[in-house]
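Residues per chain, in single letters:
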Amino acid sequence: AWRLLCRRHGAQLCYTPMLHSAIFVRDATYRKDNFTTCQEDRPLIVQFCGNDPDTLLQAARIVEPFCDAIDLNLGCPQAIARRGHYGAFLQDEWQLLTKIVSHLHQNLKVPITCKIRIFDQLDKTLRYAQMLEKAGCQLLTVHGRTREQKKELTGLANWDAIKEIKNSLSIPVFANGNIQYFEDLDRCFKATGVDGIMSAEGILTNPALFSGEQLPCWQVADEYLELVRQYPCALSCVRAHLFKIWMHGTQRHIDLRNKLATGKSLEALIAVNAEFKERASNDAQVVTVNEGKLPYWICQPYIRQSHSSKKLSETQTKDKGMVENIASRKVRIKRRGNKLKKNGSKKERSEFKYKPCAKCHSNPRGTRCEFDMCRKCCKNKAYKEVIDCKGHDFIFKTRQLIKEGKLPSFKQLKEEKKLAASTTVLVPNNTNTSELSLV
């Protein structure tokens, strides 16, 4: 529904949200909840993350008939990507990336594209992009920020680096970053010379970004909810998009923000949107808007506030504040590690890594699992093979034995424990066994 809304207002190509390839392959519910499309939803690129060539190929083949290209996300900088070893945390493993991209390129009928972030060093960034092109990438989207530029350290995207990448490649290049208003599109095209522009955050608060319109929030929200009725999706997705559309309105009307957060049905969210519309319409008639500033009821970008003591400089490089922040974090980890090493109780934190599940290799294994698996894989194994796992507290074998009458039921065991706890045998000194008494 959201992609169709964006297409109505100027978007010419849409991507799906990032899908985890390993979960997508093994979990039918995950596929059903996270990938839906229709004839009007074209052209469409399906975006996957992962670190295994065969798993990524298997996932891509499932959606291949329903899309126009497969995108490998190499730009996600979040902590979950670090733990799962995908996204931007693969950008230093060029041999693995060459294997993944070439494997997909050789075995898929649709093109393979990539989305990346840049390095601090321009020459390394150029070699990185050229490596992906040589491996078989047929379209490259460049987010002009480094892996460390996120949250309060986001700063400005480096359009100069994107321009150099475009000039060094023969394949189409898309730019990503710094796109907040329609005027930014022309500025970006002129500054970089790219073939297309992607918006990830800006378009969430203004779906009409590519059309140059800045519509009232209630008009966009009404149109989106009508599409949701035609193309149902998860309620959590609807709520998240309404929060983005009414981003500035929720800061003014706190009670409606709480209602939006706690709505349990589509009808409840529609009712909250109607209240937002009524209040905003009333405010539009009486509130005086300052010149050069858009009122809260107009779709507009959200500018992330910086909480760092020193912001990233406008020269689009990491400033001293960012370096000090990272350095101080490393010092704290090192001090804590030295303390633990001195006590001899645990390994240094910097050496700790999640051990992957022995079956799916994507989720962390249970620390006490008898089969070295994650909870989901262990449960499937225990259920199919009718066995127990004390670490995950699965008792399929025990339940089967109880059902067959080979073990007492849980109720009987509970009664026996209760009886044993309330029964005491007294054996007085110098007393015959015939004088024993039970209390």
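Relevant structure appears above.
The paragraphs below set out a description of the structure included in this document. Sequence order as written defines the numbering, with residues in each chain counted from 1. Note on the predicted model: pLDDT of at least 70 is required for a residue's local features to be given, and 80 or more for side-chain atom pairs to be given and counted; whole-chain, interface and lining totals, by contrast, use all residues. The side-chain quantities take in all heavy atoms of the structure and omit both hydrogens and water.

1. Points about the overall build of the protein chain
Next, step 1: Secondary structure assignment for the protein chain yields 19 helices and 12 strands.
Next, step 2: Each residue's exposure class comes from its accessible area (1.4 Å probe, protein chains only) as a fraction of the maximum for that residue type: buried when under 20%, exposed when over 50%, partly exposed otherwise. Of all 439 residues assigned to the protein chain, the portion counted as buried reaches 42%.
Next, step 3: Should any heavy atoms of two residues lie within 4.5 Å, those residues are considered in contact. By sequence separation, contacts in the protein chain at least 24 residues apart represent 60% of the contacts at least 6 residues apart.
Next, step 4: With residues, only the protein chains shown are counted as cover, and all accessible areas are computed by Shrake-Rupley using a 1.4 Å probe. Of the roughly 25600 Å² of accessible surface on the protein chain, a fraction of 51% belongs to carbon and sulfur atoms. Going along the chain from the N terminus, every DSSP run of H or I of four or more residues is numbered as a helix, and every run of E of two or more is numbered as a strand.

2. Some words on the pairing of strand β6 (residues 140–143)
On any regular strand, side chains alternate: one points to one face of the sheet, the next to the other face.
Next, step 1: Side chains L140 and V142 of β6 all project onto a buried face; the interleaved residues T141 and H143 project onto the opposite face, where all are buried too.
Next, step 2: Sheet topology places strand β5 (residues 112–117) next to β6; four bridges connect them, and they run parallel. Bridge assignment links I116 to a residue of β6, and that residue is V142.
Next, step 3: Once the chain exits β5 it traverses helix α7 (residues 122–135) before rejoining the sheet at β6, and the crossover so formed is right-handed. In short, DSSP must find at least two bridges between two strands for them to pair. Viewed with both strands pointing away, a crossover whose connecting path from the first strand over the helix to the second turns clockwise is right-handed.

3. Brief notes about the nonpolar core
Next, step 1: In plain words, nonpolar cores are sets of buried Ala, Val, Leu, Ile, Met, Phe, Trp, Tyr and Cys residues tied together by side-chain atoms within 4.5 Å. Core analysis: the largest hydrophobic core is formed by 86 residues, its most contacted members being F48, I70, L132 and L140.
Next, step 2: Considering every element that reaches this core, the biggest residue donor is helix α11 (residues 217–230), with eight residues.
Next, step 3: The next biggest cluster of nonpolar side chains, apart from the first, holds 11 residues, and it includes C369, M373, I387 and F394.

4. Focus on the pattern of salt bridges
Next, step 1: We count a salt bridge whenever a side-chain nitrogen from Lys or Arg sits within 4 Å of a carboxyl oxygen from Asp or Glu. A complete count under the given rule lists 17 salt bridges for this structure.
Next, step 2: When the shortest N-O distance is used, the salt bridge between K124 and D92 registers 3.7 Å. Here D92 lies in the loop between α5 (79–84) and α6 (94–107) and K124 lies in helix α7, a separation of 32 residues in the sequence.
Next, step 3: For K124, a relative accessible area of 26% puts it in the partly exposed group.
Next, step 4: Residues D255 and R279 are paired through a salt bridge, measuring 2.6 Å at the closest nitrogen-oxygen approach. Of this pair, D255 sits in helix α14 (residues 254–262) while R279 is found in helix α15 (residues 266–286), placing the two residues 24 residues apart along the sequence.
Next, step 5: Salt bridges linked by common partners bring D92, K124, R147 and E148 together as one network.

All we've got here are geometric facts, nothing functional implied.
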